[in-house]
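Inside the fold
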Amino acid sequence: MNIVVCLKISPDPEDLEIGNDGSVSAAHAEWKIGGFDLPALEAGVRLAEMHGGRVIALSIGPPPINQSKVRKDILSRGAEELVLVVDEALQDVSTAETARVLAAAIGKIEDVQLVLFGEGSADLYFQQTGVQVGERLGWVSLNAVRDVQWVEEGNLLVQRVLEQEIQVFEVPLPAALSVTSDICEPRLASMREILRASKKPVVEWSLADVGVENLSASVEILAVQAPPRAARKGLILNGSVEEAVGSLVIALKKEGML
Amino acid sequence: MSSQQRIFLISEDISLIGELASAARRLNGDDYSSIAAVVVGNQTDVHQVGSYGVDSIYWVDQIPDGYLFEDVFLTLLELVQQHKPSSIWIGATTSGRLICGRLAARLDISAITDVRSFEQHENKVVMRHMIFAGGAERLERPLRLPALITVAKGQFAAEVVQHANPPKVITLPFLIPEKRAVLLERKDLPPVSVNLADAKRVICLGRGIARQEHLALAENLADELGAEIACTRPLSEGLGWLPRERYIGISGAYIKSDLYIGLGVSGQVQHTVGITDAKVIVAVNRDPDAPIFKQADYGIAADLYEVLPALIQAIRSTKGA
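Here's what I pulled together on the structure shown here. Keep in mind it's a predicted model, so treat the numbers as computed, not measured.

**Quick word on the overall build of chain A**
Along chain A, the regular secondary structure elements total 6 helices and 15 strands. Structurally, chain A occupies a C-alpha span of about 65 × 40 × 40 Å along its principal axes. With 258 residues in all, chain A has 56% of them scored as buried. Look at the contacts in chain A between residues 6 or more apart in sequence, and 72% of them connect residues 24 or more apart. Surface summary for chain A: the accessible area is close to 10,900 Å², and the carbon and sulfur share equals 49%.

Encoded structure:
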């Protein structure tokens, strides 16, 4: 049985450059696995370690997603295989297009019983893709999943956390689950796993390979701008710790905070 | 867009339906024919939704045992296919996101999520929402109908609208979904210990705090200031030193306090998105290059373990004076 874990590889939000005119550039940002996706990968690997099965990582996107550092990062964290759907047309696509391509790719992978997603991508955090993919596959699909246990062949025991309550379900397979970022702590890859990673298979598909044609946009993006921010004073208080603290207390008094 | 537009609203949170109605009216002006709300609840809920000025209410009075609010999806999908609304507005809760994603998949459209405002952009109505963990905002316009929009609680104020006619109430049968997760148990979450969104003063702890025992040091400062203790995500989710409701950031709390003091907080965007509405930001970090200093009003580039006792002492003597 295969467990697919979908990962978004995107420019690191920490590396965004904001221009004086409010423009936002990710041109020099490092492309990384989303921080909310790592717990999903870890959850998939733990399930496979305990109950058997093989974890296949899946990501789609424009050519920058296919870099050796990222591939190694994914494969050293317990995935046995990496499938990438790479195409220029996947730059800045919205959730409908992403879900369509992911569902098509999952359809091409044999014997998939479970697909896991993080709670949201690092760059967009729309929290939509996992749910949409599940529905497109016609599978049971849940979000906000905090715990997954294998109960018996073909069934999972799943805990979901909402704003005010916890729900416990029996979920028949196949299923698509979006997990919360506190489902488990992602492991740090060991040296052995890092060495092993370079020997694991990486499959690269085009859109045509997964049978997707005419990926027409469902949303038009008109502008990307830095959000309006309150102007901050940016004062660094110098001197010894006592002096700096003294200046701070005077400043906070002036602000009416003390 | 045609002048004969139907607008659908849905949320399990009845007061959020009022906020959705306000937002939908704001976007559409008078250019719609009717607003219909899908309500799962009792007679009182239906009455409350009526006060928000909707034209009709599709009422599902009971979800059968073992089913979820979200299982109303099939009933909603039927309605959408029958009435072809121009837009569907969903409350951005966990349940709302699940319904939204399933609807988007069936209709082959994308949702525009967590919409914060609408504006005119080159003669088109576009929606503004956050991307890059708050590092940027994107203006978007749906290219395929219906427009599927989610709105978080608190973005738009619900208005009570005096309507000439009470809304038409149409009772709907609950359609049983063919495939589903079987609900075995539901438990209320323990009451949250704090609502950071309402706190006037917040002391936020980051990775610079070395050990859990050291939280007590920060609590002394919090007591002195009457502040709430908060933290960055790793301290809550990774280390479990503080409960989830005390973490500030993209998937946690957003604060509007008068004062925010970050102790050992580096200032990653996933965190600072939650503090942009704080009035005064103070940052203490050993690393003078920490990004938090760029977003702070007052910064002290020093060891928090030296700053903390000095600050407590200085505040005490201010009070004494």
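Here the narrative resumes.
**Description of the overall build of chain B**
The helix and strand inventory of chain B stands at 8 helices and 16 strands. For chain B, the spread of C-alpha atoms along the three principal axes comes to 65 × 50 × 40 Å. Looking at chain B residue by residue over its 321 residues, the buried ones come to 58%. The contacts in chain B between residues at least 6 apart in sequence include a share of 63% that link residues at least 24 apart. For chain B, the exposed area adds up to about 13,600 Å²; of that, 48% sits on carbon and sulfur atoms. Taken as two groups, the 32 positive and 37 negative side-chain charges of chain B have centres that lie 3 Å from each other.

**Digging into a nonpolar patch on the surface**
Together, Met191, Ile194 and Leu195 of chain A make up an exposed nonpolar region whose accessible area comes to about 300 Å². Relative to the helices and strands, Ile194 of chain A is located in helix α5 (residues 191-197).

**Considering the packing of helix α4 (residues 129-137) of chain A against helix α4 (residues 94-107) of chain B**
Contact geometry of α4 of chain A with α4 of chain B gives a least axis separation of 8 Å together with a crossing angle of 50 degrees. It follows from the interaxial angle that α4 of chain A and α4 of chain B lie oblique. Crossing of α4 of chain A against α4 of chain B: the hand is right-handed. Counting all contacts with α4 of chain A, which are made through Val131, Gln132, Glu135 and Arg136 of chain A, the residues of α4 of chain B involved are Arg97, Leu98, Gly101, Arg102, Ala104, Ala105 and Arg106 of chain B.

**Let's talk about the sheet that holds strand β14 (residues 219-225) of chain A**
Strands sit in the order β14(A)-β8(B)-β7(B)-β6(B) across an open sheet of 4 strands; the sheet is antiparallel. Either end of the sheet is taken by a strand with one partner, and the two such strands are β14 of chain A together with β6 (117-121) of chain B. The average undirected angle you get between the axes of adjacent strands in this sheet is 35 degrees. Both strand β7 (residues 124-131) of chain B and strand β8 (residues 136-142) of chain B contribute to a ladder of 5 bridges, which runs antiparallel. Looking across to β8 of chain B, one finds that Met130 of chain B is bridged to Glu137 of chain B.

**Concerning the pattern of salt bridges**
For the coordinates displayed, the defined rule picks out 36 salt bridges over all chains. For the salt bridge of Glu81 of chain A with Arg54 of chain A, the shortest nitrogen-to-oxygen distance reads 2.8 Å. In this pair, Glu81 of chain A is assigned in strand β7 (residues 81-86) and Arg54 of chain A in strand β6 (residues 54-61), connecting sequence segments 27 residues apart. Note on Arg54 of chain A: relative accessible area 31%, which makes it partly exposed. The partner of Arg160 of chain A in a salt bridge is Glu70 of chain B, with the nearest N and O atoms 2.7 Å apart. Pair noted here: Arg160 of chain A is in strand β10 (residues 155-161) and Glu70 of chain B is in the loop between β3 (56-60) and α3 (73-83), and the two residues belong to different chains.

**Here we look at the packing of aromatic side chains**
Scanning the entire structure with this criterion turns up 5 aromatic pairs over all chains. Here the aromatic rings of Phe118 of chain B and Phe156 of chain B are separated by 5.7 Å at their centres, their planes lie at 25 degrees, and the arrangement is stacked. Here Phe118 of chain B is found in strand β6, whereas its partner Phe156 of chain B is found in the loop between β9 (147-151) and β10 (168-171), with 38 residues between them in sequence. Overall, Phe118 of chain B belongs to the buried group, its relative accessible area being 17%. Members of the aromatic cluster, each reached through a chain of ring pairs, are Trp89, Phe118 and Phe156 of chain B. Over the ring of Trp205 of chain A we find Lys108 of chain A; its NZ or CZ atom is 4.7 Å from the centre of that ring.

**A look at the interface of chain A and chain B**
With 83 residues of chain A at the interface, the matching set in chain B holds 87 residues. Joining chain A to chain B, the criterion identifies 9 salt bridges. For Asp297 of chain B, the salt bridge goes to Arg232 of chain A, with nearest N and O atoms at 3.1 Å. Put simply, chain A and chain B have 43 residue pairs in polar contact (both at pLDDT 80 or more) between them. Counting only elements with at least two residues in the side of chain A that touches chain B, the list comes to α3 (95-108), α4, β9 (140-152), β10, β11 (165-172), β14, β15 (235-236) and α6 (241-254) of chain A. Considering every element that reaches the side of chain A that touches chain B, the biggest residue donor is α6 of chain A, with 9 residues. Its residues assigned to classes, the side of chain A that touches chain B comprises 47 nonpolar, 16 polar and 20 charged. Sheet analysis places β11 of chain A next to strand β11 (residues 182-188) of chain B, joined by 6 bridges and oriented antiparallel. Its bridge partner being in β11 of chain B, Ile166 of chain A is matched across the sheet by Lys187 of chain B.

**Concerning α3 of chain B**
For α3 of chain B, every residue scored as buried is listed here: Phe73, Leu74, Thr75, Leu76, Leu77, Leu79 and Val80 of chain B. Against the buried residues of α3 of chain B lie α4 of chain A together with β1 (6-10), β2 (34-40), β3, β4 (87-91) and α4 of chain B. Remark: Lys84 of chain B follows α3 of chain B within two positions and exhibits a positive phi of approximately 45 degrees.

**Regarding the nonpolar core**
Membership of the largest hydrophobic core comes to 46 residues, with the highest contact counts inside it found for Ile74, Leu114, Leu142, Leu156, Val171 and Leu177 of chain A. In contact with Leu156 of chain A, other than residues within four places in its own chain, are Leu114, Val148, Gln149, Trp150, Val151, Phe169, Glu170, Val171, Leu173 and Leu177 of chain A. Within the second largest apolar cluster, 41 residues are counted, among which are Leu205, Ala222, Leu235 and Ala302 of chain B.

**Points about the pairing of β11 of chain A**
Residue and element names in this part refer to chain A. Of all the 8 residues making up β11, 6 are buried; the element is thus mostly covered by neighbouring parts of the structure. Where β10 lies against β11, 7 bridges are found, and the strand directions are antiparallel. In the strand pairing of β11, Val161 is matched with Ile166.

**What about the sheet that holds β11 of chain A?**
As summarised here, the arrangement of the 10 strands in space is β13(A)-β7(A)-β6(A)-β1(A)-β8(A)-β12(A)-β9(A)-β10(A)-β11(A)-β11(B), forming an open sheet in which the pairing is mixed. Every interior strand has two partners, whereas the edge strands, β13 (202-205) of chain A together with β11 of chain B, have only one. Neighbour-to-neighbour, the strand axes of this sheet turn through a mean angle of 30 degrees, independent of strand direction. Here strand β1 (residues 2-6) of chain A runs beside strand β8 (residues 112-117) of chain A; their pairing, made up of 4 bridges, is parallel. The residue of β8 of chain A that forms the bridge with Val5 of chain A is Leu116 of chain A. Helix-sheet contacts for α4 of chain A involve β8, β9 and β12 (175-179) of chain A, and the interaxial angle to β9 of chain A is about 70 degrees. Helix-sheet contacts for α4 of chain B involve β9 and β10 of chain A, and the interaxial angle to β9 of chain A is about 95 degrees.

Definitions and limits used
Residues numbered from 1 in each chain as written. Chains lettered and ligands numbered in written order. Predicted model: local features only at pLDDT ≥ 70, side-chain atom pairs only at ≥ 80, totals over all residues. Heavy atoms only, no water. Helix = DSSP H or I, 4+ residues; strand = E, 2+ residues; numbered from the N terminus. Buried < 20%, exposed > 50% of the residue type's maximum accessible area, 1.4 Å probe, protein only. Contact = heavy atoms within 4.5 Å. Areas by Shrake-Rupley, 256 points an atom, 1.4 Å probe, with all protein chains shown as cover. Lys, Arg positive; Asp, Glu negative; His and termini not counted. Charge placed at Lys NZ, Arg CZ, Asp CG, Glu CD. Patch = residues over 30% accessible without salt bridge, like charges linked within 9 Å, V, L, I, M, F, W, Y side chains within 5 Å. Salt bridge = Lys/Arg side-chain N within 4 Å of Asp/Glu carboxyl O. Axes fitted to C-alpha atoms, helices over the stretch in contact; angles between N-to-C directions. Parallel < 35°, antiparallel > 145°, perpendicular 65-115°, else oblique. Left-handed = near helix turned anticlockwise from the far one by under 90°. Pairing = 2+ DSSP bridges. Phe/Tyr/Trp six-rings, centres within 6.5 Å; stacked < 30°, edge-to-face > 60°. Lys NZ or Arg CZ within 6 Å of the ring centre and 35° of its normal. Polar contact = N/O pair within 3.5 Å; in protein donor to acceptor, adjacent residues only side chain to side chain. Nonpolar A, V, L, I, M, F, W, Y, C, P; charged D, E, K, R; others polar. Core = buried A, V, L, I, M, F, W, Y, C linked by side-chain atoms within 4.5 Å.

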